[in-house]
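Fold and geometry: a report
Here's the letter readout for the chains.
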Amino acid sequence: MNGAESLVRTLIGGGVDVCFANPGTSEMHFVAALDRVEGMRCVLALFEGVATGAADGYARMAEKPAATLLHLGPGLANGLANLHNASKASTPVVNIVGDHATYHRDYDAPLTSDIETAARPFSSWVRTAPSAKRVAQDGAEAIAAARTPPGQVATLILPADTAWNEAEGPAAIPEFPARPCVSAEAIRDAAQALRSGEPSLLLLAGPALREQGLAAASKIAAKTGARLLAETFNSRMERGAGRVPVERIPYPVEQGLAALAGLKHVVLVGSRVPVAFFAYPDKPSLLAPEDAAFHTLAHPEEDIEHALEWLAHELGARKEAIEPAKLAPPAPATGAIASVSLAQSLGALIPENAIVVDEGVSTGRGFFPLTRQARPHTWLQNMGGAIGIGMPLAVGAAVACPDRKVLNLEADGSAMYTLQALWTEARESLKVTTVIFNNRSYAILRHELANVGAQNVGRKALDMLDLSRPDLDFVALARGMGVPGRRVTTMDEFNRALADGLAVEGPYLVEAMVA
Ligand SMILES: Cc1ncc(C[n+]2csc(CCOP(=O)(O)OP(=O)(O)O)c2C)c(N)n1
């Protein structure tokens, strides 16, 4: 058995049985090994940012990592923005990057670069396999690194000769740590703050936003009067009917400050101290009041659900008094297409147990209130701020959960970064319904121009935020990649097109023209 086969067998043995790939010559032995070994699903992406983002979406839903397969430094570079997003979301990814054969690197052939250095800022673990005999062990350690809580990007660089030379066989996955329990002191400190009677907040993140965590947090809130909020962007949130509803810290700085005003205690539950997304002249970076005290109930890598249950017990909080949302989908909206009408129709039409991917940017900002009482669903967001995540996240989520509908809410500008994901959706017959919000602009940046205090803005500047001339035709673009779709200009048309799209077996695209 060669090194590539020993690695593929190691991955499958370690539960990594999906690979999002865009290979080249240096990865040919890995690709060939896929046919010799049963059990690896290999999904071709036509751009590396689709592969890395899909690995992120997959792991968020499957709760175990996928592998990627990228072509040397340039392939990795194309995938880095979504690896950045994955690492900010604490998603486990086994990121495999092929390289030249060890002895060939010295010749500085065209594709040669320092892959380790390129990978490091976006990976918690980086290793270059030194030989075919080591590659299985290194692969096993990459899986353990990726699965180390709260989840990490582990980059394994695979020189071509480590793939084609003779290996010894697959390696067993080393033990990786479970989420450690929080300390009794952390529980006491949080309990004391919450008993003070002063205005308090539980800021929820990570597993705190799954059903078990939400239920425990709601008991604590009911007993102590503390408020519940989530961070502005979250990796995965369980929402809709039957789930305890939680709002998020609003994105605009003024609204974020207002949401946290008056608080004396902020209990961090897997979350970080809340900060503004960007600095703006004359506005603070920190969103909580200066005199608020922070209490870390659980760090992101700790056992967050257990910490919440322990704290609830410590406080004698037994009843879930914040009522879970009742099933009460609004009626679909009619009239012109606008953000709030879209929210209302989504509230009506989100299918039972759907996975909603939210890269709606400015159009999607207000979607939460009107989808609170929709059918139960999962909501995925971008925690790293690099746009172009939504299309690939949807691919990965659909591969992880073939029985669930994926509803991908996409702003037009963001969609264009990784639109090739549509081809993968068609190739794999994925149940992804994409809604494009075509406002023909980088609308959010128009507000940002004013927010940063840019003066005397003229045509040249505004042209940088404008997506017309030519106008994009997303239905034609989708058709060219094998995905059927429809353009809609009224909410009635939208409601029909979305229902039709959700009813087809494979992918579909609805292009909503937003004024
Ligand atoms: C990788 C990357 N490049 C550029 C940006 C800067 N950026 C932030 S929002 C945005 C435009 C978003 O436009 P669109 O997706 O159409 O949403 P809209 O603002 O119109 O709602 C850009 C270019 C970014 N966040 N990430």
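Residues numbered from 1 in each chain as written. Predicted model: local features only at pLDDT ≥ 70, side-chain atom pairs only at ≥ 80, totals over all residues. Heavy atoms only, no water.

1. Here's the deal with the site of the ligand
Around the ligand there are 17 residues in total, and Ser362, Asp412, Gly413, Ser414 and Ile444 lie nearest to it. Contact between the ligand and isoleucine 387: a nitrogen atom at 3.2 Å from a main-chain N or O atom of the residue. The contact in question runs from an oxygen atom of the ligand to an N or O atom on the backbone of isoleucine 444, over 2.7 Å. Isolated, the ligand exposes 590 Å² of accessible area, and the fraction of that covered by the protein chains is 78%. Contributions of two or more residues to the shell around the ligand are made by helix H13 (361-364), helix H16 (412-415) and helix H18 (443-451). Residue composition of the shell around the ligand, grouped by class: nine nonpolar, seven polar and one charged. (Near = heavy atom within 4 Å. Polar contact = N/O pair within 3.5 Å; in protein donor to acceptor, adjacent residues only side chain to side chain. Areas by Shrake-Rupley, 256 points an atom, 1.4 Å probe, with all protein chains shown as cover. Helix = DSSP H or I, 4+ residues; strand = E, 2+ residues; numbered from the N terminus. Nonpolar A, V, L, I, M, F, W, Y, C, P; charged D, E, K, R; others polar.)

2. Here's the deal with the sheet that holds strand E16 (residues 432-438)
Spatially, seven strands are ordered E9-E14-E13-E15-E16-E18-E17 in an open sheet, and the strand pairing comes out mixed. Looking at which strands have only one partner, the edges of the open sheet turn out to be strand E9 (237-239) and strand E17 (485-488). Put simply, the sheet's adjacent strands are angled 20° from each other on average, direction ignored. (Pairing = 2+ DSSP bridges. Axes fitted to C-alpha atoms, helices over the stretch in contact; angles between N-to-C directions.)

3. Let's talk about the sheet that holds strand E4 (residues 93-99)
Spatially, E2-E1-E3-E4-E6-E5 is the arrangement adopted by the six strands of the open sheet, whose pairing is parallel. Each of the sheet's edge strands pairs with one partner strand only, and the pair in question is strand E2 (41-44) and strand E5 (125-128). Neighbour to neighbour, the strand axes of the sheet diverge by 20° on average, direction disregarded. Where E5 and strand E6 (residues 153-159) come together, four bridges link them in parallel fashion. From the neighbouring strand, arginine 127 faces E6, where its bridge partner is leucine 156.

4. A word on the environment of phenylalanine 474
Turning to its location among the elements, phenylalanine 474 is positioned in helix H20 (residues 474-480). Spatially, the C-alpha atoms of phenylalanine 474 and glycine 485 are 8.4 Å apart, while their sequence positions differ by eleven residues. In contact with phenylalanine 474, not counting residues within four places along its chain, are Asp412, Ala415, Met416, Leu419, Ile436, Asn438, Leu509 and Glu511. (Contact = heavy atoms within 4.5 Å.)

5. Quick word on helix H12 (residues 339-349)
Helical geometry: 3.6 residues make up each α-helical turn, so side chains three or four residues apart lie on a common side. Turning to H12, its buried residues number three or more, namely Ser341, Leu342, Ala343, Ser345, Leu346, Gly347 and Ala348. Taken together, the buried residues of H12 touch H13, helix H14 (367-371), strand E15 (406-411), E16 and helix H21 (491-503). (Buried < 20%, exposed > 50% of the residue type's maximum accessible area, 1.4 Å probe, protein only.)

6. Quick word on the packing of helix H1 (residues 3-13) against helix H6 (residues 132-146)
Two numbers describe how H1 lies on H6: the axes approach to 8 Å, and their chain directions differ by 25°. Taken as axis vectors, H1 and H6 run roughly parallel relative to one another. H1 and H6 meet at a crossing whose hand is right-handed. Judged by residue contacts, Gly3, Ser6, Leu7, Thr10 and Leu11 of H1 engage Ala132, Val135, Ala136, Gly139, Ala140 and Ile143 from H6. Classifying every residue of the contact of H1 with H6 gives seven nonpolar, four polar and no charged. (Parallel < 35°, antiparallel > 145°, perpendicular 65-115°, else oblique. Left-handed = near helix turned anticlockwise from the far one by under 90°.)

7. Regarding unusual backbone geometry
Of note, the bond from proline 149 into proline 150 is cis; its omega dihedral lies within 30 degrees of zero at 5°. With respect to the helices, strands and loops of the structure, proline 150 is situated in the loop between H6 and E6. Residue asparagine 353 is not a glycine yet carries a positive backbone phi of 65°. With respect to the secondary-structure elements, asparagine 353 resides in the loop between H12 and strand E13 (354-359). Residue classification places asparagine 353 among the partly exposed residues on the basis of a relative accessible area of 37%. At valine 361, a position not held by glycine, the phi torsion is positive, near 45°. Looking at where valine 361 falls in the secondary structure, it is placed in helix H13. Judged by relative accessible area, which is 31%, valine 361 ranks as partly exposed.

8. Some points on helix H2 (residues 28-36)
Turning to H2, its buried residues are Phe30, Ala33 and Leu34. Each buried residue of H2 lies within a common arc of 110° when the element is viewed along its axis, so the set occupies one face. Those residues of H2 that are buried are in contact with H1, strand E1 (18-21), E2, strand E3 (67-71), E4 and E6. (Arc of directions from axis to C-beta.)

9. Some details on the nonpolar core
Within the largest apolar cluster, 58 residues are counted, with the highest numbers of intra-cluster contacts made by Leu204 and Phe494. Those residues in contact with leucine 204 that lie beyond four places of it in its chain are Leu209, Leu214, Ala217, Leu228, Leu229, Ala230, Glu231, Asn234, Val246, Val269 and Ser271. Counting 49 residues, the second-largest nonpolar core is a separate cluster that includes Val97, Ile115, Cys401 and Val406. (Core = buried A, V, L, I, M, F, W, Y, C linked by side-chain atoms within 4.5 Å.)

10. Regarding the pattern of salt bridges
If you walk through the whole model with that rule in mind, you get 25 salt bridges. Of the charged contacts, one joins aspartate 138 and arginine 127 as a salt bridge, the two residues approaching to 2.9 Å between their closest N and O atoms. With aspartate 138 in helix H6 and arginine 127 in strand E5, the pair connects residues that are eleven residues apart, well separated along the chain. Residue arginine 127 is classed as partly exposed on the basis of its relative accessible area of 25%. Through salt bridges that share partners, Glu63, Arg210, Glu211, Arg236, Glu238 and Arg243 make up one connected network. (Salt bridge = Lys/Arg side-chain N within 4 Å of Asp/Glu carboxyl O.)

11. As for the packing of H1 against H2
At their nearest, the axes of H1 and H2 sit 8 Å apart, and the two run at 60° to each other. Taken as axis vectors, H1 and H2 run oblique relative to one another. Crossing hand, H1 versus H2: right-handed. Listed contacts from H2 to Ala4, Glu5, Leu7, Val8, Arg9 and Leu11 of H1 are His29, Phe30, Ala33, Leu34 and Arg36.

12. Brief notes about the side chain of glutamate 238
Among the secondary structure elements, glutamate 238 is positioned in strand E9. In this structure glutamate 238 comes out as buried when scored by relative accessible area, which is 6%. There is a polar contact of 2.9 Å between the side chain of glutamate 238 and the side chain of arginine 236. The contacts of glutamate 238, once residues within four sequence positions are left out, are Leu209, Arg210, Glu211, Leu214, Arg243, His377 and Thr378.

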